[in-house]
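Examining the three-dimensional arrangement
If you want the building blocks of each chain, they are given just below.
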Amino acid sequence: MRKSFVMTAAGAAAIGLFLVGTAQTGTATSKAPIEQLSLMSRAQAPADRLPAFVAAGTEVGDLVGADTTRRLGSSGAGTYWSGVDAKGRLCLITVIGDQKADFAAGASCAEPSDFAGQGVGLQVAGPPGASEAYLLPDGVPAAQLGGAYTVVAPNLVLSDPAAPEAAPRSVAGAGGTLTLSDLSPTVAR
């Protein structure tokens, strides 16, 4: 498994982020990002862009191509995007807070071949709050992961970042069986 992580803080924000390890049975493919995450193939709308205070000059904003970001959705804890970095890796981006003076942001990326079998998990915690999110490949029936996960979008589920780790959960998808392992609990700082 390859891990990539970036930490960004604005003001006094402190964050943590981690890549989740998951496994998928069958042979991993080396499809392009738009073949694994269909929302990447749609035209970028203004809402798909990262907020200006994150977009440039931060590790997160500088990691992904500005024209590759797509908004996945939002919840009380944060707003979530997917993107592609210069190496062609699929990335999950989380931004908690909505102003330059008080936000926490993080990103985690996976090679396209790894994303097909692993997805991407990310925890971000800071003064504005905490979030635990998972970006899933197309074809994974997220609702079947169980009650510990909140489905925000077809490719995005959230979990309580302070909840105790649960046993890994498996779900059969279009490309095989995806096993999702919770990240270690965290709390907002």
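Just above, that's the structure.
Here's a quick rundown of the structure. Nothing here was measured: the structure is a model prediction, and the numbers come from that model. (Residues numbered from 1 in each chain as written. Predicted model: local features only at pLDDT ≥ 70, side-chain atom pairs only at ≥ 80, totals over all residues. Heavy atoms only, no water.)

1. A look at the overall build of the protein chain
Along its length, the protein chain carries four helices and 12 strands. Per-residue burial for the protein chain yields a buried fraction of 51% across its 189 residues. In the protein chain, the share of contacts with a sequence separation of at least 24, taken over all contacts with a separation of at least 6, comes to 57%. For the protein chain, the exposed area adds up to about 8,100 Å²; of that, 54% sits on carbon and sulfur atoms. (Helix = DSSP H or I, 4+ residues; strand = E, 2+ residues; numbered from the N terminus. Buried < 20%, exposed > 50% of the residue type's maximum accessible area, 1.4 Å probe, protein only. Contact = heavy atoms within 4.5 Å. Areas by Shrake-Rupley, 256 points an atom, 1.4 Å probe, with all protein chains shown as cover.)

2. Concerning the pairing of strand 8 (residues 129–135)
Judged by how many residues are buried, strand 8 sits mostly within the fold: seven of seven residues are covered. Residues Gly129, Ser131, Ala133 and Leu135 point to one face of strand 8 and Ala130, Glu132 and Tyr134 to the other, with burial holding for every one of them. From the end of strand 7 (residues 120–126) to the start of strand 8, which pair antiparallel, there are two residues. Across four bridges, strand 8 lies against strand 10 (residues 156–159) in antiparallel orientation. Across the sheet, residue Ala133 finds its bridge partner in strand 10, namely Leu158. (Pairing = 2+ DSSP bridges.)

3. Things to note about the side chain of Arg89
Within the secondary structure, Arg89 is located in the loop between strand 4 (79–84) and strand 5 (90–99). A relative accessible area of 11% places Arg89 in the buried class. A distance of 2.6 Å separates the side chain of Arg89 from the side chain of Asp85, its partner in a polar contact. (Polar contact = N/O pair within 3.5 Å; in protein donor to acceptor, adjacent residues only side chain to side chain.)

4. Topic: the sheet that holds strand 7
Taking strand neighbours across the sheet as the criterion, the four strands line up as 7-8-10-9 in an open arrangement whose pairing is antiparallel. Each edge of the sheet is formed by a strand with only one pairing partner; in this case those strands are strand 7 and strand 9 (149–153). Shown here is a sheet whose adjacent strand axes are inclined to one another by a mean of 25 degrees, direction ignored. (Axes fitted to C-alpha atoms, helices over the stretch in contact; angles between N-to-C directions.)

5. Overview of the pattern of salt bridges
Under the counting rule described, the total for this entry stands at two salt bridges. The salt bridge involving Arg42 is made with Asp48; its shortest N-O contact spans 2.6 Å. The shortest N-O distance in the salt bridge between Arg89 and Asp85 comes to 2.6 Å. In this structure, Arg89 and Asp85 share a single accessibility class: buried. (Salt bridge = Lys/Arg side-chain N within 4 Å of Asp/Glu carboxyl O.)

6. What about the packing of aromatic side chains?
Scanning the model with the defined rule gives two aromatic pairs in all. When the centroid spacing of 5.8 Å and the interplanar angle of 80 degrees are considered together, the rings of Tyr134 and Tyr149 count as edge-to-face. With Tyr134 in strand 8 and Tyr149 in strand 9, this pair connects stretches of sequence that are 15 residues apart. Taken as a pair, Tyr134 and Tyr149 share a single burial class, namely buried. (Phe/Tyr/Trp six-rings, centres within 6.5 Å; stacked < 30°, edge-to-face > 60°.)

7. Some points on the state of the cysteines
This structure, assessed with the given rule, holds one disulfide. In this model, Cys91 is linked to Cys109 through a disulfide, with the two sulfur atoms separated by 2.1 Å. The disulfide joining Cys91 to Cys109 has a torsion of about 100 degrees about its S-S bond and is therefore right-handed. Of the two residues, Cys91 is situated in strand 5 and Cys109 in strand 6 (residues 102–110); the sequence distance between them amounts to 18 residues. For Cys91, a relative accessible area of 0% gives the class buried. (Disulfide = S-S within 2.5 Å.)

8. Quick notes on the nonpolar core
Core analysis: the biggest nonpolar cluster contains 20 residues, and Leu37, Leu72, Leu92, Phe115, Leu135 and Leu156 have the highest contact counts within it. Mapped onto this core, the elements with two or more residues apiece are strand 4, strand 5, strand 6, strand 7, strand 8 and strand 10. Leaving out residues up to four positions away in the same chain, Leu37 has contacts with Ser82, Leu90, Phe115, Leu135, Leu136, Asp138 and Asn155. Judged by nonpolar contacts, the second largest core, of 14 residues, contains Phe53, Val60, Ile93 and Val95. (Core = buried A, V, L, I, M, F, W, Y, C linked by side-chain atoms within 4.5 Å.)

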